[in-house]
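Okay, here's what each chain looks like letter by letter:
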Amino acid sequence: MQHTRIPEQLPVMEKLKILSDAAKYDVACTSSGTARGNNGKGIGNCFDAGICHSFAADGRCISLLKILLTNECIFNCRYCLNRSSNDVPRATFTPDEICDLVIGFYRRNYIEGLFLSSGILNSPDYTMELLYQTLYKLRSQYHFGGYIHVKAIPGADPFLIEKTGFLADRMSVNLELPTAEGLRRLAPAKSREKILKPMRQVQNRMEENREELALYRSAPRFVPAGQSTQMIIGATPENDFQIMSVAESLYKKFDLKRVFYSAFVRVNDDSALPALPGGPPLLREHRLYQADWLLRFYGFEAGELLSEDRPNFNILFDPKCDWALRHLELFPVEINRASYQTLLRVPGIGVKSAQRIVKARRLGSLDFQDLKRMGVVLKRALYFITCRGRTLYPIKIEEDYITRNLLYVKEKLPPELRDDVTYRQLSLFDDGMPLSVEEQSVLLDVSAGSAAAFAGGGAI
Ligand code: SF4
C-alpha cells in the first residue's frame, strides 16, 4: 500500500503532532532511579528522587516528551498503527529537530525529559544510528542533562546500542507479545531471540559498568536507570499466569527494572486480531500491574498468585486480597509479633505501613488506632489481623463471610477508625492497592448497586 507521504518541508509542529500521537501506545516510559548532575554550563538535571516521574490515572507516564523519531516502518506487525501496510500520515524528525523541541519544551517547563522510540526506517542499523545521533547532539552540543529513555532496536549493531546506552538514562527493548508463538502470529518479522539479544547485551554491559564504577567513580555511566520492557496484553490468547511468569523470569534473568503492560487497543481492522467488544482490557492491565508490584516489593512469586489450574486474576479482588482469601489458614496474624514479610502479605498493609509497624512496635504494643494512623487500610485488613490478641470485631475467618463483607464495607468501622470518604484520583503506588475506575464499575455491576463497596477512595 502507498503511504501518505509527508512533504519534506513539513513544519516541525506538524511532525510533532504525528509523531507524538504515534508514540502513545508505548507505555514503557517511567523515569526513576537515576541521578545526572549538571556542570553548571548545560541545561537540565535528573534527580533520583524522581522529579521527572509522574503518572496519569491509568499509570502512564506524563512528564516526558514522548515521541517517535519516525513512524515509517519496514515491518508490518499486525497490531500496530504504524505498520507498513497502513495508509497513515508519515513523518520523520531530524536529530536537530528533536534537540530543538526538547530544549524548547524544557526551558518552558513543559517536560523534564525525553522518551524516544521509533519505527524501523530503512533498517535497524540506520534507525539506531539516528537515535544515537540525536542523543549525542542532545548531550554534547545542546548540553542537555535531563532524563532520556531510548529504545534499543532489535537487530541493530551492538556497537551502536552500546554507544547510545552511554548517553541514555534508561533503555528498553519491547518484548511486544508474551510468547514466541504470539510473535510468530502477529509480528513475524520479529522473533523472541532477536528481542532478547539486545536485552541481554544491555544487562551485561550494565553489570560491567557497575564494576567499572566501583573502580573509577568518574567512569562513564551506562544506562544508569536500568532497562525496561513492554508487553501487549490481550492481542494474543496468553493467560495472566503465562504473562506473570514471563515478567518474573525477565526480572530474575535480565535484571529488568520494570515490565510494563499495555492493554491491547484494536487500531487495525485485521482478522488475526481479537474483536474485543468490551474495549481494551484495562482491568486486566490493572491487575497485572498490581501483581507486578507484589513480585517486586512484596516477596510474592508468580506461582503463588496464579497456577495452571487458576490462570487468571480475580476481577473482584486485587491479587493480594485474592491470595489471602485462598490462604486463610495463615490468618489472622498478630500485628505486634508478625515478621515484616508476613505483614506485607496482609491485605490493606503496604510496604510503608509494614515498615512503620515494625519500627513503632519496638516502643510498645500497637492497637487498631495506631494502625489507622500508620496508613493501614483497616476496612480490608481487619479480617486478617489481631492487635494484642483481639480482632477489631468478632469475625469469622471464613472465605464466604470475608468475601461478602469486603464487598459491603461501608459503615463497617467505628466512626473513629473510618477513613475519610473521598473519591480521589487513584494511584498505582497506594499501599492499599486501589481500584481503577473501570474496576469500580465492574464491582458495581457485580454487587448490584452496592455503591457502599467503594467508600473510602475505592479501596476495598
Ligand atoms: S516494528 Fe514497531 S513500529 Fe514497526 S510495525 Fe512493528 S510495532 Fe509497529
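Along every chain, residues carry numbers that run from 1 in the direction the sequence is written. Totals for whole chains, interfaces and linings use all residues, but because this is a predicted model, local features are given only for residues with pLDDT of at least 70 and pairs of side-chain atoms are given and counted only at 80 or more. Only heavy atoms go into the side-chain values, all of them from the structure, while hydrogens and water stay out.

> Describe in detail the confidence of the model for the protein, supporting the description with residues and values.
In the predicted model, the protein carries a mean pLDDT of 83, and the fraction of residues at 70 or more is 79%. The predictor rates its confidence in each residue with pLDDT, a number between 0 and 100. Residues are treated as being in contact if the distance between any of their heavy atoms lies within 4.5 Å. This stretch, residues 46–60, has a pLDDT under 50; its non-local contacts, to residues over four places away or in other chains, come to 40 contacts. Here residues 419–460 scores under 50 on pLDDT; set against residues more than four positions off or in separate chains, the count is 87 contacts.

> Can you explain the packing of helix 2 (residues 95–107) against helix 3 (residues 124–141)? Please cite residues and give values.
Here an axis means a line fitted to C-alpha atoms, over the contact stretch when the element is a helix, while the angle between two N-to-C directions is reported on a 0 to 180 degree scale. Numbering goes from the N terminus for both helices and strands, where a helix is a DSSP run of H or I of at least four residues and a strand is a run of E of at least two. Two elements in contact, helix 2 and helix 3, have axes whose closest approach is 9 Å; the angle formed by their N-to-C orientations is 45°. With respect to their mutual orientation, helix 2 and helix 3 come out oblique. Helix 2 and helix 3 meet at a crossing whose hand is right-handed. Along the contact surface, helix 2 presents Pro95, Asp96, Ile98, Cys99, Val102 and Ile103, while helix 3 presents Leu130, Gln133, Thr134, Lys137 and Leu138. When residues are sorted by character, Ala, Val, Leu, Ile, Met, Phe, Trp, Tyr, Cys and Pro go into the nonpolar class, Asp, Glu, Lys and Arg into the charged class, and all the rest, Gly among them, into the polar class. Within the contact of helix 2 with helix 3, the residues separate by chemical class into seven nonpolar, two polar and two charged. Any angle that is under 35 degrees is reported as roughly parallel, and any over 145 degrees as roughly antiparallel; angles of 65 to 115 degrees are reported as roughly perpendicular and all others as oblique. Each helix crossing is assigned a hand: it is left-handed if the near helix lies turned anticlockwise from the far helix by less than a right angle, otherwise right-handed if that turn is clockwise.

> Quick rundown of the site of the ligand? Include the residues and the values.
Every residue lining the ligand is accounted for by Cys73, Phe75, Cys77, Cys80, Arg83, Gly119 and Lys190. For the shell around the ligand, the class distribution of residues is four nonpolar, one polar and two charged. If even one non-hydrogen atom of a residue comes within 4 Å of a molecule or strand, that residue is called near it.

> Any details on the packing of aromatic side chains? Residues and values, ideally.
Two rings belonging to Phe, Tyr or Trp (six-membered ring only in the last case) form a pair when the distance between their centres is within 6.5 Å. Interplanar angles under 30 degrees mark stacking, angles over 60 mark edge-to-face geometry, and anything in between is tilted. Inspection of every chain in the model, using the stated rule, returns 10 aromatic pairs. Ring centres of phenylalanine 105 and tyrosine 110 lie 5.5 Å apart, and the angle between their planes is 50°; on these two criteria the pair is classed as tilted. Joined through ring pairs, the aromatic side chains of Phe300, Trp323, Phe331 and Phe384 make up one cluster. The rule for a charge over a ring is simple: NZ of Lys or CZ of Arg within 6 Å of the ring centre, and within 35 degrees of the ring normal. Above the plane of the ring of tyrosine 132 lies lysine 163, whose end atom (NZ or CZ) is 4.2 Å from the centre. Sitting over the face of the ring of phenylalanine 254, arginine 200 holds its NZ or CZ atom 4.0 Å from the ring centroid.

> Pulling in residues and values, what's your account of the pattern of salt bridges?
Only one rule defines a salt bridge in this text: a Lys or Arg side-chain nitrogen within 4 Å of an Asp or Glu carboxyl oxygen. Throughout the structure, instances matching the rule amount to 19 salt bridges. Between lysine 15 and glutamate 97 there is a salt bridge, with the nearest N and O atoms lying 2.9 Å from each other. Placement of the pair is lysine 15 in helix 1 (residues 12–21) and glutamate 97 in helix 2, with a sequence separation of 82 residues. Comparing lysine 15 with glutamate 97, the two get one shared label, buried. Residues glutamate 304 and arginine 345 are paired through a salt bridge, measuring 2.7 Å at the closest nitrogen-oxygen approach. Highlighted residues: glutamate 304 in helix 9 (residues 302–305) and arginine 345 in the loop between helix 11 (340–344) and helix 12 (351–360), separated in sequence by 41 residues. Classification of residues uses two cut-offs on accessible area relative to the type maximum, computed with a 1.4 Å probe and protein chains only: under 20% is buried, over 50% is exposed, and between them is partly exposed.

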